[in-house]
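Below are the chains, spelled out letter by letter.
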Amino acid sequence: MSHKRVAILISGGGSNMVALLGSMTGDHPARPCLVLSNDAGAGGLARAAERGVATAVIDHKPFGADRAAFEAELVKPLIAARTDIVCLAGFMRVLTAGFVGQWTGRMLNIHPSLLPKYRGLHTHARALDAGDAEHGCTVHEVTPELDDGPILGQARVPVRSDDTPQTLAARVLVQEHRLYPAVLRRFCDGNREPLLLP
Ligand code: GRF
C-alpha cells in the first residue's frame, strides 16, 4: 500500500508539526512529504530537517498584499512533493478561496479555540475575558471562510481562575498535540466523524 503524502505548513516553532511527524510511523497510512513555511526563520524548519523531512520556504513578504502571487509560488513545492493532504499547523497566513479551493477535502487546520467560538486571533485572552469555564482546540477542514470548515475534532481544557493567556495557551497546546495526530489518522482512513477527546 502506498502511503498518503502529507505536507505540513508552519510559520513558527512547529510543535504541532513535530507531533504530527512523530505519529506518521508504523502502520499509519500516511508519511510526511514536506514541511513548508512562509518564514525562513521558522524554528520548525530545523526540527523537520533533523527528523529527515524535506523542507521549503516561500517568503510571503516580497509579495506584499498580492496574496494570489504568493500562493502561486507556495503551491509549487506542494505539487513537486506530490502532496495528498495539507496540514496547517501554526501557519499564520490567511489563504484565499482560490488557493483553498485547490485542496477542498484535503486540507486541515488546528485552531486554538472550541470553534465556532473565537475564530481569528488572541483566542486564549478572549476566552479569559469572557469568563469561560472551559476552552480548547479544534481541528477542522479548511474552507474559504476563516476558521469555519467542518469540525473533525475537539479537545477541551478547564479554565483556571489564576490562568493567564500564556498558561491557558500552554495547557491547550498539550491537547493540540494529542488531537491533531488522532484526527489526521482518522482522516487518512476516511473517517470524518468528529473526534471529541476526553
Ligand atoms: C498554536 O497555538 C496553534 O494552535 C496555532 O499556532 C500556535 C503555535 O503552534 N495554530 P506550533 O507550536 O507552531 O505548532
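Residues numbered from 1 in each chain as written. Predicted model: local features only at pLDDT ≥ 70, side-chain atom pairs only at ≥ 80, totals over all residues. Heavy atoms only, no water.

Engineer: Before we move on, could you go through the overall build of the chain and cite the residues and values that matter?
Structural biologist: When its secondary structure is counted, the chain shows six helices and eight strands. In the chain, the order of α-helices and β-strands from amino to carboxyl end is β-α-β-α-β-α-β-α-β-α-β-β-α-β. Across its three principal directions, the C-alpha atoms of the chain cover 50 × 40 × 30 Å. When contacts within the chain are restricted to residue pairs at least 6 apart in sequence, those whose partners lie at least 24 apart make up 62%. Working note: accessible area of the chain is about 9,100 Å², and carbon and sulfur atoms make up 56% of it. Computed over 21 positive and 20 negative side-chain charges, the inter-centroid distance for the chain is 5 Å. (Helix = DSSP H or I, 4+ residues; strand = E, 2+ residues; numbered from the N terminus. Contact = heavy atoms within 4.5 Å. Areas by Shrake-Rupley, 256 points an atom, 1.4 Å probe, with all protein chains shown as cover. Lys, Arg positive; Asp, Glu negative; His and termini not counted. Charge placed at Lys NZ, Arg CZ, Asp CG, Glu CD.)

Engineer: Hey, could you go over the site of the ligand for me, with residue numbers and the actual values?
Structural biologist: Around the ligand, the surrounding shell consists of Gly 13, Gly 14, Ser 15, Asn 16, Gly 90, Ile 110, Pro 112, Leu 173 and Glu 176. Note that an oxygen atom of the ligand is positioned 2.8 Å from one of the backbone N or O atoms of Asn 16. In this structure, Gly 90 approaches the ligand through a main-chain N or O atom, which is 3.5 Å from a nitrogen atom. Within the complex, the protein chains bury 78% of what would otherwise be the 370 Å² of accessible surface of the ligand. Looking at the shell around the ligand, the elements that each hand over two or more residues are α1 (15-23) and α6 (165-188). Residues of the shell around the ligand, tallied by class, amount to three nonpolar, five polar and one charged. (Near = heavy atom within 4 Å. Polar contact = N/O pair within 3.5 Å; in protein donor to acceptor, adjacent residues only side chain to side chain. Nonpolar A, V, L, I, M, F, W, Y, C, P; charged D, E, K, R; others polar.)

Engineer: Please set out the packing of aromatic side chains residue by residue, giving values where relevant.
Structural biologist: For the structure shown, the criterion picks out one aromatic pair. Centre to centre, the rings of Phe 63 and Phe 70 are 6.0 Å apart; their planes meet at 50°, and the pair counts as tilted. A relative accessible area of 25% means that Phe 63 is categorised as partly exposed. Under the relative-accessibility criterion, Phe 70 is labelled buried at 5%. (Phe/Tyr/Trp six-rings, centres within 6.5 Å; stacked < 30°, edge-to-face > 60°. Buried < 20%, exposed > 50% of the residue type's maximum accessible area, 1.4 Å probe, protein only.)

Engineer: Got a sec to walk through unusual backbone geometry? Specific residues and values, please.
Structural biologist: Cis geometry marks the peptide bond from Leu 115 to Pro 116, where omega comes out at 10°. Inspection of the secondary structure puts Pro 116 in the loop between β5 (107-111) and α5 (123-129). Look at Tyr 118: it is not a glycine, yet its phi comes out positive at around 60°. For Tyr 118, the position within the fold is in the loop between β5 and α5. The backbone of His 122 sits at a positive phi, close to 55°, despite the residue not being glycine. With respect to the helices and strands, His 122 occurs in the loop between β5 and α5. His 122 gets classed as exposed once you look at its relative accessible area, which sits at 62%.

The analysis is restricted to geometry; functional conclusions fall outside its scope.
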